[in-house]
Amino acid sequence: MSRGKLLQIKRRIGATQSLKKITKAMEMVSTAQIRKVEKRLGVVREFLNETKNIVSQVHFEVEHPFVTGNGQSALIVIGTDMGLCGSFPSEISRAAINLDRRENFDQIYVVGAKIAPSFKKNSKVARIYEYEYEVPTFDFTQLLVTDMLSNNVAKTRVVYGKFKNKLAQIPDVFTLTPFNEQKNNEYGDRYEFEPVGADFQVKLIEFYATSVLFSLAFETKISELYARQNSMRNATENAEDVVKQLTIDYNKVRQASITQELIEIVTGADALKER
Amino acid sequence: MKVRIVTPYRIAEFSDAKLVVFRTVEGEMGVLDKRAPIIAKLAITDVRIEFENSREVYRVVDGFIHCDGNSNVVVLTEEMGRPEEFDPHKYLGNGVESQQLSETGSGTVTK
């Protein structure tokens, strides 16, 4: 009986060790991805800053839904395409569902295959984008803005994964449109704009929305990678603990079986002596 | 004059530029040092940056140019690169289709 138990524990140790190897490999993969993607974060932030610089010089007077806010309200949920990153995707979808309950949006746009099942049965979902990018692209956010405009969206809120620090990534809400102009520029009046007219402002406000969405998608991607790294690290550590505990159990059972055999031998020898 | 071309994927910086030439949606224009502030919508254009003894040319796709009046020029665009790096078929419709056509040796590209 003890032989069977020994084998059983040995098999469990083997299974946990191979699981540990997988989680360790996944942790290393996400670390490598983070290194690659993080280099681009500075560029993305700079791009957004320059866009904001331009936008802050313009006094928007154009009749555009993103400026006036006359039209449908929409919620954009930026999640993840892949799982194995702890509770990160489910926290985002939960935050989005709660926000929708409070504010009752007309339309919902969902980005990410992992969070899509939470919204599949929701009748307000206008479009679900699955496996659109490995790393967010500007083309994708342009597609998103085009879809919003064709559905007459004016008021937009975005739920995304905010990158607080390496250990904490939390869902956050950003109000994208209607655009809130900051009335603090004194230099804006000195500017010339080309082309003169509404077309310039229309293109600029759409470019602004695209840039902001791009940076939010990028931030969510970085949060996802860090969340995956953390959860895989935890899984590896847990696997180590389990292996340690199982090894102790294995040794105990082995020792017990040895003691048992010794007792049997000694008892047998004693019985023979007595004869 | 300091010139920066900023895209979501990379940034190129140049200092001591004497002249920047580009095409907006209304036509070609050049920016000299200390030009009055302007924000203009760019067409798909080559941005030519002239230095004392040399020049740099980059092709940009769409976007805006921002000249702040203090010798800083920022070109904000979706994509940039050397003119020779750009595949013209990409802008003629389906880029994949044109690539397949060129691979099979058929020269015509249909939209």
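Everything below is about the structure printed above this text.
Summarised in this report is the structure supplied together with it. (Residues numbered from 1 in each chain as written. Chains lettered and ligands numbered in written order. Predicted model: local features only at pLDDT ≥ 70, side-chain atom pairs only at ≥ 80, totals over all residues. Heavy atoms only, no water.)

1. Side note on the interface of chain A and chain B
With 27 residues of chain A in contact, the opposing surface of chain B contributes 27 residues. Together, Ile54, Tyr191 and Glu194 of chain A form the three largest contributors to the area buried by chain A at its contact with chain B, with a combined 27%. On inspection of chain A and its partner chain B, the count reaches three salt bridges. In this structure, arginine 4 of chain B engages glutamate 46 of chain A in a salt bridge whose closest nitrogen and oxygen atoms are separated by 3.1 Å. In this structure, the connection of chain A to chain B is made through 11 residue pairs in polar contact (both at pLDDT 80 or more). Of all the secondary-structure elements, those providing two or more residues to the side of chain A that touches chain B are helix H1 (2-56), helix H4 (138-150), strand S6 (192-194) and helix H5 (198-274) of chain A. (Contact = heavy atoms within 4.5 Å. Buried area = accessible area lost by both parts, 1.4 Å probe. Salt bridge = Lys/Arg side-chain N within 4 Å of Asp/Glu carboxyl O. Polar contact = N/O pair within 3.5 Å; in protein donor to acceptor, adjacent residues only side chain to side chain. Helix = DSSP H or I, 4+ residues; strand = E, 2+ residues; numbered from the N terminus.)

2. Observations concerning unusual backbone geometry
Residues and elements named next belong to chain A. Omega for the bond connecting threonine 177 with proline 178 falls within 30 degrees of zero, at 0°, which places this linkage in the cis form. Among the structural elements, proline 178 can be located in the loop between strand S5 (169-177) and S6. For the bond from glutamate 194 to proline 195, the omega torsion is 0°, close enough to zero to count as cis. By the secondary structure assignment, proline 195 is in the loop between S6 and H5.

3. Some thoughts on the layout of surface pockets
All names here are of chain A. A volume near 220 Å³ is recorded for the second largest pocket. Forming the walls of the second largest pocket are 14 residues, and the residues nearest its centre are Gln142, Lys203, Glu206, Phe207 and Thr210. Counting residues per element, the ones that place at least two in the lining of the second largest pocket are H4 and H5. Among the elements that make up the lining of the second largest pocket, the one with the highest residue count is H4 (five residues). The residue inventory of the lining of the second largest pocket, partitioned by class, reads five nonpolar, four polar and five charged. (1 Å grid on protein atoms, 1.4 Å probe; cavity = no way out; pocket = protein on both sides within 12 Å on 5 of 7 lines; lining within 4 Å. Points joined across faces, edges and corners; volume = space filled by probe spheres on them. Nonpolar A, V, L, I, M, F, W, Y, C, P; charged D, E, K, R; others polar.)

4. Side note on empty space enclosed by the protein
One pass over the full model with this rule turns up one cavity of 30 Å³ or more. What the largest cavity holds in volume is close to 70 Å³. Here the residues of the lining of the largest cavity sort into two nonpolar, four polar and three charged.

5. Here we look at the pairing of strand S9 (residues 72-76) of chain B
All names here are of chain B. With four of five residues buried, S9 lies mostly within the body of the structure. Sheet topology places strand S1 (residues 2-6) next to S9; five bridges connect them, and they run parallel. Bridge pairing links valine 3 to valine 73 in S9. Here strand S8 (residues 64-67) hands over to S9 after four residues, with glycine 69 in that stretch at a positive phi of 85°. (Buried < 20%, exposed > 50% of the residue type's maximum accessible area, 1.4 Å probe, protein only. Pairing = 2+ DSSP bridges.)

Such coordinate-based values are descriptive only and should not be taken to indicate function.
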